[in-house]
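Residue-level structure breakdown
The primary structure of each chain is shown beneath.
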Amino acid sequence: MDQFVIEGGVPLRGTVQVSGAKNAALPILAATLLADGPCRLEGVPDLRDIRTMLRILEELGVEAGREEDGTITTRVVDPTRVRAPYELVKTMRASICVLGPLLGRRRRAEVSFPGGCVIGPRPVDLHLTGLEALGARIVVEAGYIGAEGADLHGGGELYLGGPFGPTVTGTANVLSAAVLAPGTTIIQCAACEPEIVDLARFLVAMGARIEGIGSPTLVIHGVERLKGTNWKVIPDRIEAGTLACAAAMTGGDVVIEGLDTTAMTAPLTVLERMGVGLERREDGSLRVIGVGRPKPADVVTLPYPGFPTDLQAQFMALLCVADGNSFVTEKIYPERFIHVAELQRLGARIRKEGASAIVTGVPELTGAPVMASDLRASAALVVAGLAARGTTTVERVYHIDRGYERIEEKLRGLGARIERCNPARTEAAAAGS
Ligand code: EPZ
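Residues numbered from 1 in each chain as written. Predicted model: local features only at pLDDT ≥ 70, side-chain atom pairs only at ≥ 80, totals over all residues. Heavy atoms only, no water.

The next subject is the overall build of the protein chain. A tally of regular secondary structure across the protein chain gives 15 helices and 26 strands. On C-alpha atoms alone, the protein chain measures out to a radius of gyration of 22 Å, which is about the 22 Å that the 2.2 N^0.38 rule sets for 433 residues. Its C-alpha atoms put the protein chain at 60 × 55 × 45 Å along the principal axes. Taking all 433 residues of the protein chain together, the buried fraction comes to 57%. (Helix = DSSP H or I, 4+ residues; strand = E, 2+ residues; numbered from the N terminus. Rg over C-alpha atoms; globule rule 2.2 N^0.38 Å. Buried < 20%, exposed > 50% of the residue type's maximum accessible area, 1.4 Å probe, protein only.)

With that settled, consider the site of the ligand. Of all residues adjacent to the ligand, which total 24 residues, the nearest are Thr167, Val168, Thr169, Asp310 and Ile332. Here an oxygen atom of the ligand and a side-chain polar atom of Asn23 are 3.0 Å apart. Taking Arg336, its side chain carries an N or O atom lying 3.4 Å from an oxygen atom of the ligand. The protein chains hide 91% of the 830 Å² of surface that the ligand would expose on its own. The biggest single contributor to the shell around the ligand is helix 5 (residues 125–133), with 3 residues. Partitioned by chemical class, the residues of the shell around the ligand number 13 nonpolar, 5 polar and 6 charged. (Near = heavy atom within 4 Å. Polar contact = N/O pair within 3.5 Å; in protein donor to acceptor, adjacent residues only side chain to side chain. Areas by Shrake-Rupley, 256 points an atom, 1.4 Å probe, with all protein chains shown as cover. Nonpolar A, V, L, I, M, F, W, Y, C, P; charged D, E, K, R; others polar.)

Taken as a whole, the second largest pocket holds about 220 Å³ of empty space. Forming the walls of the second largest pocket are 18 residues, and the residues nearest its centre are Met249, Thr250, Gly251, Pro363 and Ala387. Of the residues belonging to the lining of the second largest pocket, the class tally is 11 nonpolar, 4 polar and 3 charged. (1 Å grid on protein atoms, 1.4 Å probe; cavity = no way out; pocket = protein on both sides within 12 Å on 5 of 7 lines; lining within 4 Å. Points joined across faces, edges and corners; volume = space filled by probe spheres on them.)

Another point: unusual backbone geometry. Each neighbour pair has its own omega, and for Tyr304 with Pro305 the value is 10°, a cis peptide bond. Note that Pro305 resides in the loop between strand 20 (298–300) and helix 10 (312–319). The phi angle at Arg107 is positive, at roughly 60°, despite the residue not being glycine. In the Ramachandran plot, Cys189 falls in the positive-phi region, its phi being about 60° despite a non-glycine side chain.

Structure below.
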């Protein structure tokens, strides 16, 4: 298994380009199942999760591939296939995003029930009740969600709010089924995340009729068919935020290009409160200047436009070296604190209290071997390792490869000393030589 070996303490400097958003690209790729013609998608990052989605689409009778310039093309060749198998779904929860499009276009779906997740319970009950409101009949059997939609119709007014607010992929699923359901569907408490806005706009480009895009009330008038289209996926605000944390934490000076700062008001405001220098430039790029120890800050994760849970771990890494006590509260995934124990291995002082953590900043972290456990927790460990004195080894970087495109190359371009190694391969090569 690959690991990252990081020699920390180098201030990052230079310019870095943000990739397309994984969490927009995944439901958009799934929504290509709805199209009667081919789709061309630009800005889809080359990631493990994207490759998993392409394999699922192939299982579902879609010819999908990446051209030399990185563009992804999709074309439905066998619309009779409706089963997303356990072997693929178990490796990526976002596989559930094919449920709505399959039901909408093929009126039938069999999608393996997504399994457990290290960031806490992640039910899909809201997806299912939302689809039932559109007339779908849902049966869970032998680990699969079976959905049948011969009588799919507009769902009238339906509510997608759960105990922690709206559901992001649940909104994607119900929206993607409703666009081809005759009649009107009004989704109340729809997710407002930029990734859902991108999906909705993509659907409109295919011919869907959707009002209220970006608001918690989506009004969908079902249409008979959707055509293929060309689309450019929005930039990844979580990758941009991760790079900003790395720049700030190493006391660096980094220009992040190709991002959309308007989708990042909450995290950028927190950085400003911490005293991190931010310069929004006319060309749309963002300069991040780290200035000694940051000030402490309170972070509460919330649905968009609140602070994103997907940046909680990376900000916690930064707060570990703040000059004082910070309070981090998770309102989306109360158990998403798996990075705490690993950050402690680097010398962080963190006390967890229920769904919150009190972080007492220390002057510096020190390198140590740590274990990646989920995508964003691993990103936090890389951020911390870049700033820590000495060597940090991050094991199981396949978690990072799920969501960050060429991360070590991008960081090396900023002067970071980070290498990808595979001890087992190195040993085998040594034994063979
Ligand atoms: C999306 O997951 C993202 N994934 C996650 O990013 C992100 O953390 C999350 O939204 C929240 O922003 C993708 O977009 C592919 P939810 P999703 O349904 O849609 C509860 C990453 O690192 N809930 O909005 O699965 C749920 O338990 C990933 O890139 C129900 O109760 O999240 C949670 O507390 C990790 N019932 C809250 O709602 C449901 O049926 C929000 O979850 C569905 C969700």
